[in-house]
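# Architecture at a glance
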Amino acid sequence: MSDKGLATADEVCVEVSGLWKIFGHNPEAILESEETRTAAKETLHEETGCVVAVRDVSFKVNKGELFVIMGLSGSGKSTLIRCVLRLIEPTAGKILINGEDVCGYDNKQLINLRRHSTGMIFQHFGLFPHRSVLDNAAYGLKVRGVAKEKRYEIAREVLNKVGLKGWENYLPSALSGGMQQRVGIARALANDPDILLMDEPFSGLDPLIRRQMQDELIALQSEVHKTILFVTHDLDEALKLGNHVAIMKDGDIIQMGTPEEVITSPINGYVRSFVQDASPTKVVTASSIMEQPNVLLYEWQGPKAAMHLLRTNHLDEVFMVDRAGKLRGLVTLERLIELFRKGEESLAGAVDTDFVTATADAVLEDLFPLAASTGHPIAVVDEDGKFLGEIFDSTIMISLIQGRGEEDTGSTTTRANGKDENL
Amino acid sequence: MLEFPEFIHFPLAEWIDAIMHWVLTNWGVFFDAVGDSILLVLLYIERFLLWMPWFVAVLLVGLLAWRVMRHWLAGVVMAAFLIVIGSFGYWDLSMMTLAIIIAAVIISLAVGIPVGIIMAKNNRVEAIIRPVLDAMQTMPSFVYLIPALMLFGLGKVPAVFATIIYAVPPVIRLTNVGIRQVPQSIVEAAQAFGSNGRQVLFEVQIPLAIPSIMVGINQTTMMALAMVVIASMIGARGLGLEVLLSINRIEVGRGFEAGLSIVLLAIIIDRITHAMAARQEYTISS
Ligand SMILES: Nc1ncnc2c1ncn2[C@@H]1O[C@H](COP(=O)(O)OP(=O)(O)O)[C@@H](O)[C@H]1O
Ligand SMILES: [Mg+2]
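The structure contained in this document is the topic of the report that follows.

### Looking at the overall build of chain B
Counting secondary structure elements, chain B contains 11 helices and zero strands. In sequence order, chain B lays out its α and β elements as α-α-α-α-α-α-α-α-α-α-α. Taking the principal axes of the C-alpha coordinates as reference, chain B spans close to 70 × 55 × 40 Å. For chain B, the computed accessible surface area is about 15,100 Å², with 71% contributed by carbon and sulfur atoms. In chain B, the 15 positive side-chain charges and the 17 negative ones have mean positions that sit 13 Å from each other.

In structure tokens:
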């Protein structure tokens, strides 16, 4: 959970702006007037026979991030992700990949892009049934014109990486669903593309296998740091994998943000209806609920100053940091009083190191056992041990209750079942 | 009064004659070239089949049948069929018939498979060709003798030509169907990895259409065999002519022998090509 592998921030890799895809005759007519541009999908279908699959969608995906597009079946996710590669020709809009306008590409440039910069993974795997696992994995390289020896060598390597060593000479039909999708992933990785496009890659798999594949994707991603566009209808999956999540409805992106933002402040009833299925224990992080303490004790302060600090603020305990802001320990009132009785001059004797720490991206689920194991607040620190904030038992409880409370005000819009929507 | 009035006269025959005349004067060179190439293919095959010692042919058929049908008994039976044909004294005639069939099938495939591919790739072409194929299939087979006769006169070439016209629809149809049946998701995957049109066709669509194309080849071969008997009416020598002659002379025994030879030849060809098609299916779906 802790490492979603957000490597290099802020370098935009894929940028989509004002993208439309309308299926049917004369789609341009719909784009011409403001009235039809904003009309409901059903109305337009009845009046013009056209299906608006993607409506004026804009988003940016940073290099190395995993961007999730989530929505119910029919919301336009597959169409959107295919438009990025122009497997489906967009009706209007702009797509920039690494700063280049893909819509302006001629056929040759487009093929070049697909051969070298992108790799796609499909819900139904899309494997070639007449080719061996090895040949499937090597397909992208073959199309590119890589010599046989070389492409087999690379394909073996990636098959190894996805755990399919020994299956090279089988046909895909001999493999289970999970293994077939591994072949699909290997085929995409063999090209070593910058960008991976995944259209519900795990939706067709058993829940257990699905979870395992998700975990492996996270592990893989922390190793390879690809830019990933990931489509799913499963909120848990979206929240688990995504650095950012975009929620689609009827072709629109209706909310976009980090998983946490989406879950803590759903923009409307529709999103809330999704979100109420997700457990806050899996998404709310330490950094979002921690508090900046009113007072902090510094290493160089003496026992008297410490006592004064606690008394005036009506506190029982306070965290102590050094000059660099690093957490040194916890000073409790109890220990201070003992120190005074003994008449010691240095604060060192009152420093208690028996407290627990958590990192900023720990989720509620991780914090429960920590809170239970200590009688003190939990200190939140970064990798260098720098003090960031503190979390009290009560805060954890409150954030839980808030999560539940918002559920009850949930609207009447269709409830997302999340899983197994498309099966 | 009761007779059909003579003034309602539709001069179709004259028109057709005029068209044929025009075709022959303007396209004569073209049809000569077509005829010559057909003859060339046919003669090579015929010469080879007649040159091949009978026991070699029997052995080859036996081995092939055994290999593709995966049963030694099948090989023995097919070889025995060929010996039966020879024992009737029809070895040479059956080889001539076989030569016409093989020539017609080779040319049918050379024309039919590309046409099927174009048809699969282009909806408009399909919309034009499909009704033509439907019409061709509903017409009685001897109708094809007429244009063949008009373009090439009497002899072997028009026989092969008529056989081709009659036999080509199944391979076109099944090539088209086979390619169209390749799941869109697989074609899309090929495109997503940067395949160009040629690569999609040769790496994915055609290999996956092979079982269907093989069924087409089997059907085309069987239709060629059926047609070759009829084509003997316009001068193709072979088993068909033998049947025709014995009917004319009311020689029942001779006609029966010739007819049986054709049936045996048909069984050999059908079983072998059918087994080949089935094997393709097996390799891909397993
Ligand atoms: N080729 C097509 N022709 C017409 N309508 C289509 C086509 N493909 C998709 N659609 C419509 O576009 C909408 C979005 O579909 P899709 O992108 O497949 O959704 P999702 O992947 O989210 O399930 C749906 O209403 C669907 O019916
Ligand atoms: Mg979809």
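### A few points about the site of ligand 1
Residues and elements named next belong to chain A. Near ligand 1 the following residues occur: Phe 23, Lys 41, Val 51, Ala 53, Leu 72, Ser 73, Gly 74, Ser 75, Gly 76, Lys 77, Ser 78 and Thr 79. Here an oxygen atom of ligand 1 sits 3.2 Å away from a polar atom, N or O, in the main chain of Ser 75. Here ligand 1 loses 62% of its free accessible area of 560 Å² to cover by the protein chains. At the level of secondary structure, the elements contributing two or more residues to the shell around ligand 1 comprise β2 (51-62) and α4 (77-84). Per element, the largest residue contribution to the shell around ligand 1 is three residues, and it comes from α4. Here the residues of the shell around ligand 1 are counted per class, giving four nonpolar, six polar and two charged.

### Re the packing of helix α7 (residues 156-180) of chain B against helix α9 (residues 197-231) of chain B
The angle between the axes and the distance between the axes are what describe a pair of packed helices. All names here are of chain B. The N-to-C vectors of α7 and α9 enclose an angle of 155°; their axes lie 7 Å apart at closest approach. Considering their axes alone, α7 and α9 lie roughly antiparallel with respect to each other. Crossing angle aside, the handedness with which α7 passes α9 is right-handed. Each residue belonging to the contact of α7 with α9 can be placed in one class, and the counts come to 21 nonpolar, eight polar and no charged.

### Digging into the sheet that holds strand β17 (residues 387-391) of chain A
Backbone-to-backbone hydrogen bonds join strands into a sheet, with any given pair of strands oriented parallel or antiparallel. Residues and elements named next belong to chain A. If you walk across this open sheet you meet the three strands as β15-β16-β17, and the pairing is mixed. At either end of the open sheet lies a strand with only one pairing partner, and these are β15 (357-359) and β17. Adjacent strand axes in the sheet meet at a mean angle of 35° when their direction is disregarded.

### Notes on the sheet that holds strand β6 (residues 118-121) of chain A
Residues and elements named next belong to chain A. Strand order in the open sheet made by the six strands is β6-β7-β8-β3-β9-β10, with mixed pairing throughout. Among the strands making up the open sheet, the edge pair consists of β6 and β10 (252-257). Neighbour-to-neighbour, the strand axes of this sheet turn through a mean angle of 15°, independent of strand direction. With five bridges joining them, strand β3 (residues 66-71) and strand β8 (residues 227-232) adopt parallel strand pairing. Looking across to β8, one finds that Met 70 is bridged to Thr 232.

### Brief notes about the state of the cysteines
Residue and element names in this part refer to chain A. In the structure shown here, the tally under the stated rule is zero disulfides over all chains. The thiol sulfur of Cys 13 is not disulfide-bonded, and the nearest other cysteine sulfur, from Cys 103, lies at 16 Å. Residue Cys 13 is classed as buried on the basis of its relative accessible area, which comes to 2%. Of all cysteine sulfurs in the structure, the one in Cys 83 sits closest to Cys 50, which takes part in no disulfide; the separation is 15 Å.

### Re the interface of chain B and chain A
Contacts between chain B and chain A engage 20 residues on the former and 24 residues on the latter. Interface area for chain B against chain A, summed over the two sides, is near 1,800 Å², with a carbon-plus-sulfur share of 61%. At the junction of chain B and chain A, the tally comes to three salt bridges. Of the charged contacts in the structure, one is a salt bridge between Glu 188 of chain B and Arg 82 of chain A, with a shortest N-O distance of 2.6 Å. Inspection of the chain B/chain A interface yields nine residue pairs in polar contact (both at pLDDT 80 or more). Listing elements by their share of the side of chain B that touches chain A, those giving two or more residues are α8 (184-192), α9 and α11 (252-285) of chain B. Top element by residues in the side of chain B that touches chain A is α8 of chain B. It accounts for seven residues. Of the residues assigned to the side of chain B that touches chain A, the class counts are nine nonpolar, nine polar and two charged.

Cut-offs used in this document
Residues numbered from 1 in each chain as written. Chains lettered and ligands numbered in written order. Predicted model: local features only at pLDDT ≥ 70, side-chain atom pairs only at ≥ 80, totals over all residues. Heavy atoms only, no water. Helix = DSSP H or I, 4+ residues; strand = E, 2+ residues; numbered from the N terminus. Areas by Shrake-Rupley, 256 points an atom, 1.4 Å probe, with all protein chains shown as cover. Lys, Arg positive; Asp, Glu negative; His and termini not counted. Charge placed at Lys NZ, Arg CZ, Asp CG, Glu CD. Near = heavy atom within 4 Å. Polar contact = N/O pair within 3.5 Å; in protein donor to acceptor, adjacent residues only side chain to side chain. Nonpolar A, V, L, I, M, F, W, Y, C, P; charged D, E, K, R; others polar. Axes fitted to C-alpha atoms, helices over the stretch in contact; angles between N-to-C directions. Parallel < 35°, antiparallel > 145°, perpendicular 65-115°, else oblique. Left-handed = near helix turned anticlockwise from the far one by under 90°. Pairing = 2+ DSSP bridges. Disulfide = S-S within 2.5 Å. Buried < 20%, exposed > 50% of the residue type's maximum accessible area, 1.4 Å probe, protein only. Contact = heavy atoms within 4.5 Å. Buried area = accessible area lost by both parts, 1.4 Å probe. Salt bridge = Lys/Arg side-chain N within 4 Å of Asp/Glu carboxyl O.

Distances and angles like these do not, on their own, reveal function.
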